[in-house]
Amino acid sequence: MNDQEISPSCLNHKEKLSHNGNLFIITAPSGAGKTTLCKAVLDRIPDMLYSVSYTTRKPRKGEQNEIDYYFITEDDFKNRIKNGKWAEWAKVYGNYYGTSSEFIDKGLASGSDILLDIDFQGTLQILDRYHDSITIFIMPPSLDILKLRLESRGTDSKHVISRRIEVANKEMENKDFYRHVVINDNLSVAVADLISIVEKYRTQVSHTSIQQKL
Ligand code: 5GP
């Protein structure tokens, strides 16, 4: 098990759960295998909701609207900022990304657990709003392997890859802020680690709900 438990003082995990569902935040430098890991969790835990983000970035080859992202225009995105529609939003690599507050609030209120795949800036905003969120950072084994993965994905230019590596390096400095860190060296080990973290909190919630009912 290569997961480390981290408890930064700024997070009050003992706070009473304010929602019925759990919010799981997953952050990783691109190329760390986050998409594969998220899919594995969703396959294994079918009642977990996935928050499909909105973005102004153009779809990559094979990406589908409403499944990978809601691909929207910059005007639309900015209007939603004005109208307070985002639980969090950020500009990443020159494009806007955001999470719908309506989706999160409805999901949690109905008792669902939700998985968010967002960056560090978004994580801070979500924690500000949903204090009990469970934060998980996915680490690639090394920057060299990350570079190889990005190159073999073949979706980004050399320039974009070197920019992503630069950003990844910076993002990895934030890992200690997260409650859990999973190193994606061996995929099946990383999937097992991630699922055991998620299951741990899901069990805790059912205990809390049972206690509240008694
Ligand atoms: P990509 O364009 O490679 O799919 O994602 C680029 C980065 O944007 C990733 O680090 C990803 O976690 C982040 N990201 C994706 N959706 C959101 C979102 O809704 N909010 C925030 N803050 N970041 C996001």
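Scroll up a little and you will see the structure.
Residues numbered from 1 in each chain as written. Predicted model: local features only at pLDDT ≥ 70, side-chain atom pairs only at ≥ 80, totals over all residues. Heavy atoms only, no water.

J.: I keep staring at the pattern of salt bridges and nothing clicks. Help me out?
T.: Opposite charge on two side chains lets them pair, provided their charged atoms get close. In this structure the tally under the stated criterion is 16 salt bridges. Here Arg 60 and Glu 63 are joined by a salt bridge, their closest N and O atoms 3.9 Å apart. Salt-bridge contacts for Asp 176 lead to Lys 175; the nearest nitrogen and oxygen are separated by 3.2 Å. Judged by its relative accessible area of 23%, Lys 175 is partly exposed. Through salt bridges with shared partners, a single ionic network connects Arg 57, Arg 60, Glu 63, Arg 153, Asp 156 and Arg 164. (Salt bridge = Lys/Arg side-chain N within 4 Å of Asp/Glu carboxyl O. Buried < 20%, exposed > 50% of the residue type's maximum accessible area, 1.4 Å probe, protein only.)

J.: Could you clarify how one ought to interpret the site of the ligand in this entry?
T.: For the ligand, the set of nearby residues contains 18 residues, the closest of which are Ser 53, Arg 57, Tyr 69, Glu 88 and Tyr 97. With respect to the ligand, the backbone of Gly 98 contributes an N or O atom lying 3.2 Å from an oxygen atom. At a separation of 3.3 Å, an oxygen atom of the ligand approaches a polar side-chain atom of Thr 99. More than half of the atoms belonging to the ligand lie within 2 Å of the grid points that define the largest pocket. Mapped onto the shell around the ligand, the elements with two or more residues apiece are strand 6 (86-92) and strand 7 (95-100). Looking at the shell around the ligand, its residues break down into seven nonpolar, four polar and seven charged. (Near = heavy atom within 4 Å. Polar contact = N/O pair within 3.5 Å; in protein donor to acceptor, adjacent residues only side chain to side chain. 1 Å grid on protein atoms, 1.4 Å probe; cavity = no way out; pocket = protein on both sides within 12 Å on 5 of 7 lines; lining within 4 Å. Sits in = over half its atoms within 2 Å of the grid points. Helix = DSSP H or I, 4+ residues; strand = E, 2+ residues; numbered from the N terminus. Nonpolar A, V, L, I, M, F, W, Y, C, P; charged D, E, K, R; others polar.)

J.: Whenever I open this one, the environment of Ser 110 confuses me. Can you help?
T.: Mapping Ser 110 onto the fold places it in the loop between helix 3 (101-109) and strand 8 (114-117). C-alpha separation for the pair Ser 110 and Gly 21, spaced 89 residues apart in sequence, amounts to 7.4 Å. Within the local environment of Ser 110, its side chain forms a polar contact with the side chain of Ser 112, the two groups lying 3.4 Å apart.

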